[in-house]
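The lines below spell out each chain.
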Amino acid sequence: MRPPLPSPDAARRYLYGFEHVTGEGLEGFLDTAVDRILTSLSLLPPLGPDSRILEIGAQPYFMTALLLKHFPAEVRCVNEDDRGGGQDGRFELRRRDLDEPLEIEYDRFNIEFDEFPYDDETYDVVFLCEVIEHLGYDPVHAIHEINRVLKPGGHFILSTPNAMRLENFWKVARGKNFYPPYSGWGVTSRHAREFTKSELVRMLESNGFSVEVASIHMDPGYSYAPFLKRITGRLERLRLGTAVLDDIQVRARKSGGPGYSYPEDMFFDVQAYGRVWESTLDMENAPESQLGRGIHRLEVWPPAIRWTGRDCMFRLRRGKFHGRAAVRFYSGPKELDRSVTGRITADGASAEFDVEPDNWTTVSVQLPPADEPGILEIELGLDQSWSPAKLLGGADTRDLGVAVRRVWLE
């Protein structure tokens, strides 16, 4: 069973007892943070003394202190930097009623760029609370690494401000900018992008998680007009209009392996990330970062396909044992009334194909030996393209090649 949590007032009294709160002027932040911290902690699954928790963005250690006090688990912390005086990966939580300080160990790395310094399937729970909105480059990499270090069935608990909160609508109505201000502490200290609940759910579900809880709450600590607080409080009590409340809380369970899927309405130029993880691409779940030039949006007939242009390119992760690259595609409608010809090229090797229209076929090319694993670009070049509008009528004026179902290495 999960132990009972303290009330917000009891949590404040306990946390105010730590010396660094008043010493660093954190009283205001503590008052705003306690309610959402307790909401996040309420999402924890049952834990035991052998359970392992990773808390990302732990400073100033309010959640950490409550975890250590109320939950029988090992807690490891992560900061990009520690501005509170921590030295050599350690911070001491001191209070008058403790003979010895609580010693917090933390790791320092950048969760958008670095591989987390932990083995696969290490942790039972990972917290990412009030952090994802500060990521300005690639939150998917952080989600990928969180998935990797979670045990099968482990839980990911996330909280973040709601981009659709009533406060933002009120700013727009008054002609004010709803983007957050700059911070003298640097780019990672301001909000780079806020999210809606549906965006977070989609991003998690496309990267190996099943979302168990996704809720939006009023946060009493948010500072905005009193009449808006009255409105949001009434909406929460009546459970009406929750989409415009303040803070999103999510608990997701690891249900698949780590991936690099970038939802198209949230990311663009994803090929620039260079995240190439898979050696097989099925179009229904192919990571967008592995789709190069000349590839159109996903269509589901079924099967799931992506039309190419006259020239296109896919990126796959090649191991030393991979000796052949293959593509399965539909050659196009029978109204083409001509052969579909072209070539598949990878790592300097090339093979030509000649396929009748209205056919599913697989083309492949033998690869030269590889000394080391790496990224392989597979190109399809068609001798001719075709336009649905010209051939079949209608408004689709795209220049198309073939409809790709699958790309893989073997």
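For the structure, check the block above.
Computed from a predicted structure; not experimentally measured.

Observations concerning the sheet that holds strand 7 (residues 209–217)
Turning to step 1, where the next piece is worked out: Taken together, 8 strands build an open sheet; the order of strands is 3-4-2-1-5-6-8-7 and the sheet is mixed. For this open sheet the edge positions go to strand 3 (90–93) and strand 7, each flanked by a neighbour on one side alone. The mean inter-strand angle of the sheet, taken between neighbouring strand axes irrespective of direction, is 20°.
Turning to step 2, where the next piece is worked out: Bridging between strand 2 (residues 73–79) and strand 4 (residues 102–108) involves 3 bridges; their strand directions are parallel. Opposite V78, over in strand 4, you have D107 as the bridge partner.
Turning to step 3, where the next piece is worked out: The strands that helix 5 (residues 139–149) touches are strand 1 (51–56), strand 5 (123–129), strand 6 (150–161), strand 7 and strand 8 (247–254); relative to strand 6, the one it contacts most, it runs at about 145°.

Remarks on the state of the cysteines
Turning to step 1, where the next piece is worked out: Inspection of every chain in the model, using the stated rule, returns 0 disulfides.
Turning to step 2, where the next piece is worked out: No disulfide involves C77; its sulfur sits 12 Å from the nearest other cysteine sulfur, which is in C129.
Turning to step 3, where the next piece is worked out: Residue C77 is classed as buried on the basis of its relative accessible area, which comes to 1%.

A word on the side chain of S289
Turning to step 1, where the next piece is worked out: Mapped onto the elements, S289 comes out in the loop between strand 9 (280–282) and strand 10 (295–300).
Turning to step 2, where the next piece is worked out: Residue classification places S289 among the buried positions, given a relative accessible area of 0%.
Turning to step 3, where the next piece is worked out: Only 2.6 Å separates the side chain of S289 from the backbone oxygen of R275, close enough to count as a polar contact.
Turning to step 4, where the next piece is worked out: Beyond its immediate chain neighbours, meaning those up to four positions away, S289 contacts Y260, Y262, V270, Q271, R275 and R315.

Conventions used here
Residues numbered from 1 in each chain as written. Predicted model: local features only at pLDDT ≥ 70, side-chain atom pairs only at ≥ 80, totals over all residues. Heavy atoms only, no water. Pairing = 2+ DSSP bridges. Helix = DSSP H or I, 4+ residues; strand = E, 2+ residues; numbered from the N terminus. Axes fitted to C-alpha atoms, helices over the stretch in contact; angles between N-to-C directions. Contact = heavy atoms within 4.5 Å. Disulfide = S-S within 2.5 Å. Buried < 20%, exposed > 50% of the residue type's maximum accessible area, 1.4 Å probe, protein only. Polar contact = N/O pair within 3.5 Å; in protein donor to acceptor, adjacent residues only side chain to side chain.

Distances and angles like these do not, on their own, reveal function.
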